[in-house]
Amino acid sequence: MLDHACEMTYSIQDHTNINAVWASLIVEECSRLGLTYFCVAPGSRSSPLALAASTHPLVTCISCFDERSLAFHAIGYARGSQKAAVIITTSGTAVSNLLPAVVEASQDFVPLLVLSADRPPELQDCGANQSINQVNHFGSFVRFFFSLPPPTDEISARMVLTTLDSAVHRATSSPIGPVHINCPFREPLDYSPKSWKSSCLEGLDTWMSNAEPFTKYILVQHSYLCNNGTHGQMKEVLEKIQRVIKGLLLIGAICTEDEIWAVLLLAKNLQWPVVADILSGLRLRKFLSSFPEVEDNIFFVDYLDHALLSDSVRDWIQFDVIVQIGSRITSKRISQMLEKCFPCSYILVDNHPCRHDPSHLVTHRIQSSAIEFANILLKAQFPHRSSKWRGYLQALNMMVGQEISFQVCAEHSLSEPYIAHVISGALSSESALFIGNSMVIRDADMYGCNWTSDNHSVVDMMLKIELPCKWISVAGNRGASGIDGLLSTAIGFAVGCNKRVLCVVGDISFLHDTNGLAILKQRMLRKPMTILVINNRGGAIFSLLPVADRTEPQVLNQYFYTSHNTSIHKLCEAHGVKHLEVKTKMELHDALISSQQGETDCIIEVESSIDANASFHSYLRKFACQAADHAFGIVSKLSLPESMSQGRFHCKICSVSYSLYRIPLCAPPTSSVFDHDNMRFYREGFILSLTLEDGSIGYGEVAPLEICHENLLDVEEQLRFLFHVMKGTTIDYFLPMLKSSFSSWIWKNLGIPVCSLFPSVRCGLEMAILNAIAVSQGSSLLNILHPLGEKEEENSERLSSVRICALIDSSGTPEEVARIAIDLVEEGFTAIKIKVARRADPVEDAAVIQEVRKNVGCHIELRVDANRNWTYEQAIQFGFLVKDCNLQYIEEPVQDEDDIVRYCEESGLPVALDETIDNCPENPLNMLVKYSHCRIVALVIKPTVIGGFEKTTMIARWAHRQGKMAVVSAAFESSLALSTYIMFSCYLEMQNADTCKLMNNKLAPSVAHGLGTYRWLEEDVTNDLLGIGPNPCTGFIEASVADASHFLHKFQMNHNVINRQFTGEEVLRYQLTLDSNDFSCSINVQEIGQRIEGSMIVFLHGFLGTSEEWVPIMHAISGSARCVSVDLPGHGVTKMKNRVDDKAAHQPTLSIEIVANLLFKLIEHITPGKVTLVGYSMGARIVLYMALKFSDKIEGAVILSGSPGLEDTVARKIRRAKDDSRARSLIAHGLQLFLNTWYSGGLWKSLRSQPYFHQIVARRSLHDDVRGLARVLSDLSTGRQPSLWEDLKHCKVPLMLVVGEKDEKFRRVAKKMWHEIGHGRTDRDDPGSKLHEMVVVPNCGHAVHLENPLPVIRLVRQFVNRLRSAQFQ
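Enquirer: Help me out: how do you make sense of the overall build of the protein chain in this one?
Expert: Across its full length, the protein chain carries 52 helices and 42 strands. Here the C-alpha atoms of the protein chain give a radius of gyration of 37 Å, agreeing with the 34 Å that 2.2 N^0.38 yields for 1369 residues. Principal axes of the C-alpha set define a box for the protein chain whose edges measure 120 × 95 × 65 Å. Scored against the burial criterion, the 1369 residues of the protein chain give a buried share of 61%. Long-range contacts, defined as pairs at least 24 residues apart, comprise 79% of the intrachain contacts of the protein chain with a sequence gap of at least 6. Of the roughly 52700 Å² that the protein chain leaves accessible, carbon and sulfur atoms contribute 50%. Averaging the coordinates of the 128 positive side-chain charges in the protein chain and doing the same for the 150 negative ones gives two points 4 Å apart.

In structure tokens form, the structure reads like this:
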């Protein structure tokens, strides 16, 4: 800059005319004021300014033939960079073309400097070409106007500089906005020589010798405490906030990351509900999911807009203090709610002094930045009042949000709300979003997704551990909210913010600013852009306004929609811009990914329809309203205290138990292969019992099926684990909503990835919890799932029972099967399902169906189930033979699920899905979308196979949404599960009725559900009778909802079928003192399980861990083996002592050999037999060493995230130095600081996302011997441990290598170890080598056993069983 200043001394004096001098001074002073981005429109009169800007070394220029587009581009740059841009334009209407942008900048406080060239005074008002009155041309829309005189050497050049300084100061001071300097020029307008006097430069010597502006404006800010008047007013505001009962924090547009942090801190401190506008940067808070635990500290209410569609919610909701930071709120419904809350204290905080109060509600207007306001409030103390009111609001938000997510994802076609819902998924930390006006911004505000897997709140970790956090910047033109200039603004925004920008606009907005494509093509100083154009061929927003209901379609199309057939593709082609057209969700997903990763600008055109868009918006509003009513109905009927912790129902689980049952069946289940020579058949499972703190007991049934790859042993291990972790856990009141509430609860309260629970275990767990809540509330399961309003209760007679479908195994002749069917019809069944595809020839099955149909008549619903046993050709053959049998559907006719749709089309038969959906993911909607075919008429859903009621509900609702049947099917469970299924089936019927009503569809007859398996029960888990039998009025076989409710409330177990009960197991804790070389250790030991020789597992923790972290896993496995865990030397309460003089100059090293010897002696002390070792991280290294050195004592070893050490000498030396330094730091600065530093590393990224991360870290601070801990860190460093890589090649002990899928470093290590023990060894015929195994555990990182314990439990037990089996071979 100084070199540039020296150059100025000569360049100014060397200019050939006074016009060039003044123009040069203007551009130079702009540069010194930080204005270096010039938007130059072509023109003759502005030549001096354009030439000066284009030749300035620090100035960047961009040009466009359209002044309007250019001006909006300048606005975008200012939005992105927080710095003013300069616009240069010629005289005449060129200046007028800037008006729309000047208005937007004025209304939304965007800094802008307009330099308009003009004719000199003698050419004004005399008919001179391109001459208009440009004085005060923009009126009140500019903060400052000045018309310079034509350049002359008779006026000091200092006047030019001070005018610029004053203008820019006004543009960048509150209220920020556009300023206008009019610049008349006489000819010559180029560099033609014309003499001028350098005396006009007098007084500029100092200016030309430095790089500073001529006049520096200095703002002196005083603390509000210095102003007694202001202090008194702020005291009043603080008092109102402190006395609040129901407060709301409303966040409008926020421009900077510092402001976002300030708002988050304020929200955490206030603990109020937070409503964030789409332009706040907090509505699409994608990167908060990098941190755990947000919603307990900051409660975002993202879906208040649609919750307010409910009359009940609108009547109920009331705030007494509202604090709004940032002007303008997009949602009209929220604005109307604020009016309804009045009179209340309404505090509006914004930088500018202007009135932004269209409803005239603001009681306290504070002119301040978000940062200054937050600083004041953070110094005060505020009471944290939790109440059921906050809990209600949380339930409403969750329910409505899940409903919106479900509807936009369940809709098969690509809708505009779906675009709004998924756009943030395409954004990375280096991205920003520019959102257009009209419908686009409203959709984003209503349906935008924050991309957190749960309502976890992130702030606690943000504040306690300073991890980096990236925010998605969101911008839009909401000053005047016009649709003009949006494309140009977005391009300028991309330049200003220096990020990859995704711009979303409508087609009319795009066409309104197609000249912006000329700016896009220039691609100067910015990263590639993606422009998503939603093309519904008109102005879709008018279809959602009242005018659409009262106006003729022709008038709407011509004067409101302004319908068009303009080709956006050809416009892009004309400007040389890449264009992609998408019509489906998958195409949109692929296009967004490819465009965001590409290096060129891309325009994605999404085809839409005004009518379809209006219809889908209508459905969304209806379903969201229903969801809000449903949520409000559930929570308002709960018996909740007025004051609750975190605003939640938190009834604790006091005790857990389970019982293994074995009930006889009168025939083999149709779902299993049985030995028919055996005359006795049984169904086995578990009854899970939960007792709440109020004494209420809920029962659930866990009934695994072998065909679903579950067995009693696997399931019981998970139950034992749950038994340990669930005691003392709280139950949230919103679990009966079944809108991801269980998924969230399992993750947050139990710390278990939901997908790791066996489906039958999750089903039984949900069943027990729902039944417990129903008992606690003195209600029925049906009423807590679907509370009836007063009008519904009056018309609830049709919901008093559930139709039952009978089941027939089709073995026997056609006549024999037909006889069975006739008997069932006479008994009262109106629907029958027949198992087929069990004979050698489909023709035989067809003969059975034909005979049955002939005998039962056409009024009986007839279903067949092939269980995927036919080839495609066999299924087609069967279908052809039964096409006249009027089947309700054929279930799973083909082996390959990819052939299902083809079969529907070729056979013309109605089809139902069953096994196809058994293994669907947690969110099944993406999988189900390919089964939308109209011939797929039903989904048969087994809750115990699917994984519970929440997942079943989502699948059933998708089916109802598509006009398909959802059939609940039992899997030969006891009456406990059947009674729950009866209530649940009724709930689904009510849901379907609601769906049909909202979608204006005709309600189909009620579905006969697959609960006919009750006829297989020879004995039951209770002596009470199941309420299934003939309806007294119709004679049809139905299940009574009232009887099922009574059955669940009065459930008593039949102990004759109970084999055993599990009510807990005590942990034995003791100390063992052992010696090794010069060390003596008193080792803390924890032991669970029966002392059975030959069945012992010893668990070793990692650095900073203790034996306690293994206890949940030991509880789970102790049914199969005796489990022991120890506190390693230096850890927990294990005490370590040197047997040599502590004052000796050189203390002996606590090497891995010494620790291994100590543990070997411990093992010999507690068992004479062999043991299996399980070790994690540092413990895994010790386990591996012992497996290699003490193979006679070690049966097998499980290595979790472990390594054999470092091979490279240099790497070992570096690691020794690092660990020694860490050890010294641990002693010098204490354990707490060490833990904070240690767990901020990349290795623990996955662990940090765990809901129990803070508790895990807290447990690691409970070590008695910090110096011993430091010694272990140094002495057991991988830099000191001998490398075991060579020894691996000769390992005789079977090894299981276990790593987390997110732990890339140790996955590489494990693969290398696997190579050494599997392929690098010379004795491959050794029996032990065949037992080696490597497993990657999903959904976890380095701390596998803490992040995803259930798969680890199963792996360890299966490994031990294989070792036992190998002993007897």
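Continuing now.
Enquirer: Help me out: how do you make sense of the nonpolar core in this one?
Expert: Across soluble globular proteins, you tend to see nonpolar side chains buried next to one another. One finds Met 337, Met 726, Met 737 and Ile 849 to be the most contacted residues of the largest nonpolar core, which totals 291 residues. Take this core: its biggest share by element is 13 residues, from helix H15 (residues 388-410). With 50 residues, the next largest nonpolar core counts Ala 74, Val 95, Phe 145 and Cys 572 among its residues.

Enquirer: Explanation requested: unusual backbone geometry in the structure shown.
Expert: Backbone phi values are negative for most residues with the exception of glycine, while trans is the configuration of most peptide bonds. In this structure, the amide linkage connecting Glu 187 to the following residue, Pro 188, adopts the cis form with an omega of 10°. In this fold, Pro 188 is placed in the loop between strand S6 (178-184) and helix H8 (205-209). Geometrically, the link from Phe 342 to Pro 343 is a cis peptide bond, its omega value of 5° lying close to zero. Among the structural elements, Pro 343 can be located in the loop between helix H13 (332-341) and strand S11 (345-350). We note that Asn 136 has phi near 50°; this positive angle belongs to a residue other than glycine. A positive phi angle, close to 55°, is found at His 360, a residue other than glycine. Note on His 360: relative accessible area 54%, which makes it exposed.

Enquirer: Help me out: how do you make sense of the side chain of Ser 116 in this one?
Expert: For Ser 116, the location among the structural elements is in strand S4 (residues 112-118). Ser 116 sits in the buried class, given a relative accessible area of 0%. A polar atom in the side chain of Ser 116 sits 2.7 Å from the side chain of Asn 182. Beyond its immediate chain neighbours, meaning those up to four positions away, Ser 116 contacts Thr 89, Val 95, Gln 134, His 180, Ile 181, Asn 182 and Cys 183.

Enquirer: Quick question: what am I supposed to make of the packing of helix H2 (residues 18-32) against helix H7 (residues 158-172) here?
Expert: Helix-helix packing is characterised by the crossing angle of the two axes and by the distance between the axes. Here H2 crosses H7 at 35°, and the two axes come no closer than 9 Å. Viewed along their axes, H2 and H7 form a crossing whose handedness is right-handed. Touching Trp 22, Leu 25, Ile 26, Glu 29 and Cys 30 of H2 are Met 159, Val 160, Leu 161, Leu 164 and Asp 165, all from H7.

Enquirer: Could you clarify how one ought to interpret the pattern of salt bridges in this entry?
Expert: Oppositely charged side chains can pair when the atoms bearing their charge come close. Across all of its chains, the model carries 49 salt bridges by this definition. Two residues, Arg 500 and Glu 599, come together in a salt bridge whose shortest N-O distance is 4.0 Å. Of this pair, Arg 500 sits in strand S15 (residues 500-506) while Glu 599 sits in the loop between helix H24 (585-597) and strand S18 (602-607); the two residues are 99 residues apart in sequence, bridging distant segments of the chain. Of the residues examined, Arg 500 reaches a relative accessible area of 13% and is grouped as buried. The shortest N-O distance in the salt bridge between Arg 1357 and Glu 717 comes to 2.7 Å. Of this pair, Arg 1357 sits in helix H52 (residues 1349-1367) while Glu 717 sits in helix H26 (residues 712-726); the two residues are 640 residues apart in sequence, bridging distant segments of the chain. According to the relative accessible area criterion, Arg 1357 is buried, its value standing at 6%. Note on Glu 717: relative accessible area 3%, which makes it buried.

Enquirer: What's the story with a nonpolar patch on the surface in this structure? I'm lost.
Expert: Residues Val 843, Phe 880 and Leu 881 make up a contiguous nonpolar surface patch of about 250 Å² in total accessible area. Along the chain, Val 843 turns up in helix H32 (residues 842-856).

Enquirer: Could you clarify how one ought to interpret H15 in this entry?
Expert: One turn of the α-helix equals 3.6 residues, which is why residues spaced by three or four share an orientation. Between its terminal C-alpha atoms H15 stretches 32 Å, which fits the 33 Å expected from 23 residues at 1.5 Å a residue. Of all 23 residues making up H15, 20 are buried, and the element is well covered by its neighbours.

Enquirer: Which parts of the structure should I look at to understand the confidence of the model for the protein chain?
Expert: Detail in the predicted coordinates should be disregarded across regions flagged by low pLDDT. Of the residues in the protein chain, 92% have a pLDDT of 70 or more, and the chain-wide mean is 89. Note on residues 287-295: pLDDT is under 50 here. Beyond four places in sequence and across chains, it has 44 contacts. Below a pLDDT of 50 lies the segment residues 794-798, which in the model reaches three contacts outside its immediate sequence neighbourhood of four places, other chains included.

Enquirer: Looking at this model, I keep getting lost on the packing of helix H10 (residues 257-270) against helix H14 (residues 370-378). Mind explaining?
Expert: Remark: H10 packs on H14, axes separated minimally by 9 Å, with the N-to-C direction vectors making an angle of 25°. Classified by the angle between their axes, H10 and H14 sit roughly parallel to one another. Crossing of H10 against H14: the hand is left-handed. Within the contact between the two elements, H10 uses Asp 258, Glu 259, Ala 262, Val 263, Leu 265, Leu 266 and Asn 269 and H14 uses Ala 370, Ile 371, Phe 373, Ala 374, Leu 377 and Leu 378. The residue makeup of the contact of H10 with H14, split by class, is 10 nonpolar, one polar and two charged.

Enquirer: In this structure, what is going on with the sheet that holds S6? I would like to understand it.
Expert: Backbone hydrogen bonds are what pair the strands of a sheet, in a parallel or an antiparallel way. Strand order in the open sheet made by the six strands is S2-S1-S3-S4-S6-S5, with parallel pairing throughout. In this open sheet, the two strands that pair with only one neighbour each are strand S2 (60-63) and strand S5 (144-147). Each neighbouring strand pair of the sheet contributes to a mean axis angle of 20°, computed without reference to strand direction. Note that strand S1 (residues 37-40) and strand S3 (residues 85-89) share three bridges and pair parallel. Counterpart to Val 40 in the pairing with S3 is Ile 88. Here helix H3 (residues 47-55) sits on the sheet and contacts S1, S2, S3, S4 and S6; the angle it forms with S3, its principal contact strand, is near 140°.

Enquirer: So what exactly am I meant to see when it comes to the environment of Leu 502 here?
Expert: Residue placement: Leu 502 occurs in strand S15. We classify Leu 502 as buried; its relative accessible area is 0%. Between the alpha carbons of Leu 502 and Val 474 there is a distance of 9.7 Å; along the sequence they are 28 residues apart. Sequence-distant contacts of Leu 502, that is, excluding residues within four places in its chain, are made with Ile 423, Leu 427, Ala 432, Leu 433, Phe 434, Thr 530, Leu 532, Leu 592 and Gln 596.

Enquirer: Just to check I follow, could you spell out the packing of aromatic side chains for this structure?
Expert: Each aromatic ring pair is described using two quantities: the centre-to-centre distance and the angle formed by the ring planes. By the definition in use, this model includes 23 aromatic pairs. Pairing Tyr 392 with Phe 632 gives two aromatic rings, centres 6.3 Å apart and planes at 75°, and the pair type is edge-to-face. Of this pair, Tyr 392 sits in helix H15 while Phe 632 sits in helix H25 (residues 610-637), and the two are 240 residues apart along the sequence. On the basis of an interplanar angle of 25° and a centroid distance of 5.5 Å, the ring pair of Phe 1234 and Trp 1238 is categorised as stacked.

Enquirer: Can you help me understand the sheet that holds S18 in this one?
Expert: Strand order in the open sheet formed by six strands is S14-S13-S15-S16-S18-S17, and the pairing between neighbours is parallel. Because the sheet does not close on itself, it has two edges, and the strands there are strand S14 (473-475) and strand S17 (578-582). Here the average twist between neighbouring strands, direction ignored, is 20°. With three bridges joining them, strand S13 (residues 431-435) and S14 adopt parallel strand pairing. For Ala 432, the partnering residue across the bridge sits in S14 and is Ser 473. Contacting S13, S15, strand S16 (530-535), S17 and S18, H24 runs over the sheet at an angle of about 160° to S17.

Enquirer: Would you mind showing me how to read the pairing of S16 here?
Expert: Working note: regular strand, side chains alternate between the two faces of the sheet. Most of S16 sits out of view: six of its six residues are buried. Burial along S16 is two-sided: Thr 530, Leu 532 and Ile 534 facing one way and Ile 531, Val 533 and Asn 535 facing the other are all buried. With six bridges joining them, S16 and S18 adopt parallel strand pairing. From the neighbouring strand, Thr 530 faces S18, where its bridge partner is Cys 602.

Enquirer: Even after reading the chapter, I still don't get the state of the cysteines, so can you show me in this structure?
Expert: Formally, a disulfide is one covalent bond, and it connects the sulfur atom of one cysteine to the sulfur atom of another. Applying the stated rule across the entire model yields zero disulfides. Unpaired in terms of disulfides, Cys 602 finds its nearest cysteine sulfur in Cys 572, a separation of 8.6 Å. Left unpaired, Cys 858 is separated from the closest cysteine sulfur, that of Cys 885, by 9.4 Å.

How each quantity is defined
- Residues numbered from 1 in each chain as written.
- Predicted model: local features only at pLDDT ≥ 70, side-chain atom pairs only at ≥ 80, totals over all residues.
- Heavy atoms only, no water.
- Helix = DSSP H or I, 4+ residues; strand = E, 2+ residues; numbered from the N terminus.
- Rg over C-alpha atoms; globule rule 2.2 N^0.38 Å.
- Buried < 20%, exposed > 50% of the residue type's maximum accessible area, 1.4 Å probe, protein only.
- Contact = heavy atoms within 4.5 Å.
- Areas by Shrake-Rupley, 256 points an atom, 1.4 Å probe, with all protein chains shown as cover.
- Lys, Arg positive; Asp, Glu negative; His and termini not counted.
- Charge placed at Lys NZ, Arg CZ, Asp CG, Glu CD.
- Core = buried A, V, L, I, M, F, W, Y, C linked by side-chain atoms within 4.5 Å.
- Polar contact = N/O pair within 3.5 Å; in protein donor to acceptor, adjacent residues only side chain to side chain.
- Axes fitted to C-alpha atoms, helices over the stretch in contact; angles between N-to-C directions.
- Left-handed = near helix turned anticlockwise from the far one by under 90°.
- Salt bridge = Lys/Arg side-chain N within 4 Å of Asp/Glu carboxyl O.
- Patch = residues over 30% accessible without salt bridge, like charges linked within 9 Å, V, L, I, M, F, W, Y side chains within 5 Å.
- Expected span 1.5 Å × (residues − 1).
- pLDDT = per-residue confidence, 0-100.
- Parallel < 35°, antiparallel > 145°, perpendicular 65-115°, else oblique.
- Nonpolar A, V, L, I, M, F, W, Y, C, P; charged D, E, K, R; others polar.
- Pairing = 2+ DSSP bridges.
- Phe/Tyr/Trp six-rings, centres within 6.5 Å; stacked < 30°, edge-to-face > 60°.
- Disulfide = S-S within 2.5 Å.

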